[in-house]
Amino acid sequence: MGFPCFRAIITPILPQINQDWRPPLRILAKPYIETMIQKFATTAGAIIVPHLPFQMSEKPDGTDDGATIMAKPKPKTQRPPMYKVLILNDDFTPMEFVVHILERFFGLNHAQAFEIMLTVHKKGLAVVAVLSFEVAETKVAQVMDFARRHQHPLQCTMEKE
């Protein structure tokens with residue numbers, strides 16, 4: 001395939017030079033091209049790997065050790081840690097209020113919200129959602145604020161999964 005930057009450097013020069021001068025041009029141009037490759041590689045964040053076939057050859061049979069540009073591997077991004085949003089049971093918050101919160105803030109339908117509300121009532125707590133830290137923190141704050149505004153002692157917490 002070759003490197004387009006080589007063609008961009010050499011191609012405008014070749015028509016001006018006689019056919020007999022092309023091999024010496026390759027020999028003289030190679031250090032300049034290697035310098036340009038090095039500059040390009042450092043600005044583009046690439047690594048120069050030596051001893052791979054070079055596009056422009058000094059030998060007629062095409063065997064020449066040169067350098068090839070290889071891109072640095074991009075670091076793999078990790079998934080954010082997930083957090084469980086929990087609702088705790090209390091003896092004072094009405095069941096319908098808990099169902100309303102689950103529908104409003106967590107997007108559950110009535111049947112799903114009712115099932116989670118019964119789990120909270122029977123077991124003392126239930127996992128409502130598993131979310132990233134920021135989203136879980138926001139949901140907990142919204143639920144707590146809404147419960148306080150309606151004068152209910154409902155507790156909503158989060159913990160790392």
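Each remark here, short or long, concerns the structure printed above.
Predicted model only: the values in this text are computed from it and were never measured.

Caption draft 1: Structural view of helix H4 (residues 110-123). In this model H4 runs 20 Å from its N-terminal to its C-terminal C-alpha over 14 residues, within 8% of the 20 Å that 1.5 Å per residue would give. Where H4 is concerned, the buried positions are Ala113, Ile116, Met117 and Val120. Buried residues of H4, viewed axially, fall in a sector of 105 degrees; they line one side. Exposed and facing more than 90 degrees away from the buried side of H4 are Ala111, Glu115, Lys122 and Lys123. The backbone nitrogen of Ala111 has a side-chain oxygen 3.2 Å away, supplied by the residue at the start of H4, namely Asn109.

Caption draft 2: Representation of the sheet that holds strand S3 (residues 82-88) within the structure. Spatially, 3 strands are ordered S4-S3-S5 in an open sheet, and the strand pairing comes out antiparallel. A strand with exactly one partner marks an edge of an open sheet, and here the two such strands are strand S4 (125-132) and strand S5 (155-160). The average angle at which neighbouring strand axes cross in this sheet is 25 degrees, direction not considered. Where S3 and S4 come together, 7 bridges link them in antiparallel fashion. Its bridge partner being in S4, Met82 is matched across the sheet by Ser132. On top of the sheet, helix H5 (residues 133-149) reaches S3, S4 and S5; it is set at about 165 degrees to S5, its chief contact.

Caption draft 3: How the structure looks around the packing of aromatic side chains. Counted according to the given criterion, the structure contains 3 aromatic pairs. Look at Tyr83 and Phe133: their rings are 5.2 Å apart centre to centre, the planes differ by 65 degrees, and that puts the pair in the edge-to-face class. Residue Tyr83 is found in strand S3, and its partner Phe133 is found in helix H5; the two are separated by 50 residues along the sequence. Residue classification places Phe133 among the partly exposed positions, given a relative accessible area of 33%. Between Phe105 and Phe146, the ring centres sit 5.4 Å apart and the planes meet at 70 degrees, which makes this aromatic pair edge-to-face. On the criterion of sequence distance, the pair formed by Phe105 in helix H3 (residues 95-106) and Phe146 in helix H5 is long-range, its members being 41 residues apart.

Caption draft 4: Up close: a nonpolar patch on the surface. On the surface, Met82, Val127 and Val130 cluster together into a nonpolar patch covering about 200 Å² of accessible area. Looking at the element boundaries, Val130 is found in strand S4.

Caption draft 5: Spotlight on H5. With 17 residues, H5 should reach 24 Å at 1.5 Å per residue; the first-to-last C-alpha distance of 24 Å fits that figure. By the burial criterion, the buried members of H5 are Ala136, Val140, Val143, Met144, Phe146 and Ala147. Buried residues of H5, seen end-on, are gathered within an arc of 165 degrees and therefore sit on one face of the element. Exposed and oriented more than 90 degrees from the buried face of H5 are Glu134 and Arg149. Note on H5: the residue one or two positions beyond its end, Gln151, has a positive phi of about 60 degrees.

The rules we used
- For every chain, the first residue of its written sequence is number 1, and the numbers climb from 1 along that sequence.
- Where totals are concerned, whole chains, interfaces and linings use all residues; where local detail is concerned, this predicted model gives features only for residues with pLDDT of at least 70, and gives and counts side-chain atom pairs only at 80 or more.
- Only hydrogens and water are removed before side-chain values are computed, so all heavy atoms of the structure are retained for them.
- What counts as a helix is a DSSP run of H or I of at least four residues, what counts as a strand is a run of E of at least two, and both are numbered from the N terminus.
- What a helix is expected to span follows from its residue count: subtract one and scale by 1.5 Å.
- Note on exposure labels: buried denotes an accessible area under 20% of the residue type's maximum, exposed denotes more than 50%, and partly exposed covers the range between, all computed with a 1.4 Å probe on protein chains only.
- To be clear, the arc concerns the directions from the helix axis to the C-beta atoms.
- N or O atoms closer than or at 3.5 Å make up a polar contact, with two conditions inside protein: a donor-capable atom paired with an acceptor-capable one, and, for residues adjacent in sequence, both atoms drawn from side chains.
- Two strands qualify as a pair provided that DSSP identifies no fewer than 2 bridges between them.
- Lines are fitted to the C-alpha atoms to define the axes, a helix being fitted only along its stretch in contact, and any angle between axes, read from their N-to-C directions, falls within 0 to 180 degrees.
- It only takes one pair of heavy atoms within 4.5 Å for two residues to be counted as in contact.
- Classification of ring pairs uses Phe, Tyr and Trp, with its six-membered ring standing for Trp, and accepts pairs whose centres are within 6.5 Å; under 30 degrees between planes counts as stacked, over 60 as edge-to-face, and the remaining range as tilted.
- Every patch collects residues that have over 30% relative accessible area and no salt bridge, joining them within 9 Å if they carry like charges and within 5 Å if they are nonpolar side chains (Val, Leu, Ile, Met, Phe, Trp, Tyr).
- Exposure was quantified through the Shrake-Rupley algorithm and a 1.4 Å probe, taking into account, for residues, occlusion by the shown protein chains and nothing else.
- Each reported salt bridge corresponds to a side-chain nitrogen of Lys or Arg within 4 Å of a carboxyl oxygen of Asp or Glu.

Limitation: the analysis is restricted to geometry and does not speak to function.
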